[in-house]
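The primary structure of each chain is shown beneath.
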Amino acid sequence: MNTLHFKYAVEVERCGSITQAAENLYMAQPNLSKSIKELEDTLGFQIFARTSRGVVPTARGREFLVYARGILNQLQAMEALSQRHDDATQRFSLSMPRAGYIADCFSALVDSLDKGSPMDIRVREASALHTINDVADGQFQLGIFRTESKDAGYYLNYLREKSLQYEPVWEYDALLLLSQEHPLAAHDRIEPENLTPYTQIIYGDLAVPYLPASDALRADEPPSSRIQVYGRLEQLDLLSRLPDTYMWASPETPTALRRFSLVMRKCFNAGMRYQDILIYPTSYQLSVLDRRFISLLSSARARLSHQAYT
């Protein structure tokens with residue numbers, strides 16, 4: 001059985017499309033389709049069902065893909081082990097949400113490294129599902145994703161399906177991020193209905209495992225205009241330039257608030273509870289740098305919680 005075919009199948013599942021997977025793998029679509037068919041013939045069952053919207057794993061296909069990802073992760077770990085015997089390279093990789101305190105912790109980690117030794121550092125901001133797939137597919141060793149607490153169960157089931165370990169980083173009540181010039185910036189008490197006249201900035205990738213995309217927007221939010229963005233700096237710049245906009249966020253760092261002339265405000269009775277969750281492969285052993293980063297997260301959480309909620 002060719003383990004390269006495992007890689008092909010995992011990529012097809014990640015994309016939900018053979019055409020897109022073939023493009024990502026730099027191969028012709030007919031050749032990828034043939035490889036998947038050969039793998040299915042070898043296994044004796046269908047891995048993917050073809051639908052009008054692409055391809056989805058069958059029940060037995062999902063079970064196979066769990067094992068395939070595990071084998072690929074083990075192979076990657078063995079390759080890394082063979083490269084590490086005399087390697088002084090400082091390695092760290094993270095797929096993360098668009099969160100200021102996490103970005104600050106990443107910068108602090110890099111700043112703590114030995115500048116005289118080689119380093120291999122990778123970071124990417126991504127949606128929750130992309131982060132989970134980044135880690136499950138071995139592209140990044142660590143991931144942090146953000147979810148509303150009400151949706152956490154869907155994600156935890158998805159993590160088990162992907163053979164990923166998880167640890168809570170922070171559960172918090174979301175705060176309003178506003179321009180200093182926003183009409184509500186000076187209000188002592190803000191209620192959800194006060195937000196109705198204003199434009200909400202949201203991230204445009206709100207998919208939740210097992211839920212239709214249409215269910216991702218909160219039905220109980222006050223109706224408002226929305227601007228969808230896909231990057232943290234876009235969000236902060238828009239909030240600064242458009243004083244009638246707002247965004248729900250984790251406690252922001254004082255540096256970012258000063259730089260973009262923003263303020264954080266509580267919103268009473270909003271019920272906006274979020275969780276940031278750390279993930280990594282079941283077979284992965286946390287490195288010294290990983291543990292240093294987790295310690296930085298813990299310190300940032302304690303510091304920002306005190307500033308934002310007391």
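Residues numbered from 1 in each chain as written. Predicted model: local features only at pLDDT ≥ 70, side-chain atom pairs only at ≥ 80, totals over all residues. Heavy atoms only, no water.

A.B. asks: Summarise the overall build of the chain; cite the residues concerned and give the values.
C.D. replies: Scanning the chain for helices and strands turns up ten helices and twelve strands. Since a compact globule built from 310 residues should have a radius of gyration of about 19 Å, the 22 Å found for the chain is in line with a globular shape. Considered along the principal axes of its C-alpha atoms, the chain spans approximately 65 × 55 × 30 Å. The buried share among the 310 residues of the chain stands at 45%. Contacts in the chain between residues far apart in sequence, at least 24 positions, make up 76% of those at least 6 positions apart. Put simply, the chain shows about 15,800 Å² of open surface, and 51% of that area lies on carbon and sulfur atoms. Side-chain charges in the chain split into 33 positive and 37 negative, and the spacing between the mean points of these groups amounts to 2 Å. (Helix = DSSP H or I, 4+ residues; strand = E, 2+ residues; numbered from the N terminus. Rg over C-alpha atoms; globule rule 2.2 N^0.38 Å. Buried < 20%, exposed > 50% of the residue type's maximum accessible area, 1.4 Å probe, protein only. Contact = heavy atoms within 4.5 Å. Areas by Shrake-Rupley, 256 points an atom, 1.4 Å probe, with all protein chains shown as cover. Lys, Arg positive; Asp, Glu negative; His and termini not counted. Charge placed at Lys NZ, Arg CZ, Asp CG, Glu CD.)

A.B. asks: Please provide a residue-by-residue account of the packing of helix H6 (residues 128–136) against helix H7 (residues 152–161), values included.
C.D. replies: Where H6 meets H7, the axes come as close as 11 Å, and the angle between the chain directions of the two elements is 20°. Regarding the angle of H6 to H7, the classification is roughly parallel. Where H6 crosses over H7, the handedness of that crossing is right-handed. Between H6 and H7, the residues in contact are Ala-128, Leu-129, Ile-132 and Asn-133 and Tyr-155, Tyr-158 and Leu-159, respectively. Among the residues forming the contact of H6 with H7, the class breakdown is six nonpolar, one polar and no charged. (Axes fitted to C-alpha atoms, helices over the stretch in contact; angles between N-to-C directions. Parallel < 35°, antiparallel > 145°, perpendicular 65-115°, else oblique. Left-handed = near helix turned anticlockwise from the far one by under 90°. Nonpolar A, V, L, I, M, F, W, Y, C, P; charged D, E, K, R; others polar.)

A.B. asks: Before we move on, can you summarise the sheet that holds strand E4 (residues 119–125) with the specific residues and values?
C.D. replies: Strand order in the open sheet made by the five strands is E4-E3-E5-E12-E6, with mixed pairing throughout. The open sheet has two free edges, formed respectively by E4 and strand E6 (164–173), since each of these has just one partner strand. Going from strand to strand, the sheet's axes swing by 15° on average, the running direction of each strand aside. Bridging between strand E3 (residues 90–96) and strand E5 (residues 142–148) involves two bridges; their strand directions are parallel. When the sheet's bridge partners are listed, Leu-94 is paired in E5 with Leu-142. Along the sheet, H7 contacts E5, E6 and strand E12 (273–281); its crossing angle with E5, the most-contacted strand, is approximately 150°. (Pairing = 2+ DSSP bridges.)

A.B. asks: Help me get a handle on the nonpolar core, residues and values and all.
C.D. replies: Ranked by internal contacts, the top residues of the largest apolar core, which has 39 residues, are Tyr-101, Ile-102, Leu-142, Trp-248 and Phe-293. Looking at this core, the elements that each hand over two or more residues are E3, helix H5 (100–111), E5, E6, strand E7 (175–179), strand E10 (245–249), E12 and helix H10 (288–309). Beyond its immediate chain neighbours, meaning those up to four positions away, Phe-293 contacts Phe-92, Leu-94, Ile-102, Cys-105, Phe-106, Leu-109, Leu-142 and Ile-144. With 19 residues, the next largest nonpolar core counts Ala-9, Ile-36, Leu-39 and Phe-45 among its residues. (Core = buried A, V, L, I, M, F, W, Y, C linked by side-chain atoms within 4.5 Å.)

A.B. asks: Account for the side chain of Ser-250, naming residues and giving values.
C.D. replies: Along the polypeptide, Ser-250 turns up in the loop between E10 and helix H9 (254–260). What makes Ser-250 buried here is its relative accessible area of 4%. In terms of polar contacts, Ser-250 uses its side chain to reach the side chain of Arg-146, at 3.1 Å. Beyond its immediate sequence surroundings of up to four residues, Ser-250 is in contact with Ala-99, Tyr-101, Arg-146, Tyr-172 and Met-264. (Polar contact = N/O pair within 3.5 Å; in protein donor to acceptor, adjacent residues only side chain to side chain.)

A.B. asks: Before we move on, could you go through the pairing of strand E2 (residues 54–57) and cite the residues and values that matter?
C.D. replies: The pairing of strand E1 (residues 48–51) with E2 spans four bridges and is antiparallel. Paired with Phe-48 across the strands is Pro-57, a residue of E2. Two successive antiparallel strands, E1 and E2, enclose a turn made up of two residues.

A.B. asks: Can you explain the packing of aromatic side chains? Please cite residues and give values.
C.D. replies: In the structure shown here, the tally under the stated rule is eight aromatic pairs. Through a chain of ring-to-ring contacts, the aromatic side chains of Tyr-101, Trp-170, Tyr-172 and Tyr-274 assemble into a single cluster. A cation over an aromatic ring shows up here: Arg-189 above the ring of Phe-268, its NZ or CZ 4.0 Å from the ring centre. (Phe/Tyr/Trp six-rings, centres within 6.5 Å; stacked < 30°, edge-to-face > 60°. Lys NZ or Arg CZ within 6 Å of the ring centre and 35° of its normal.)

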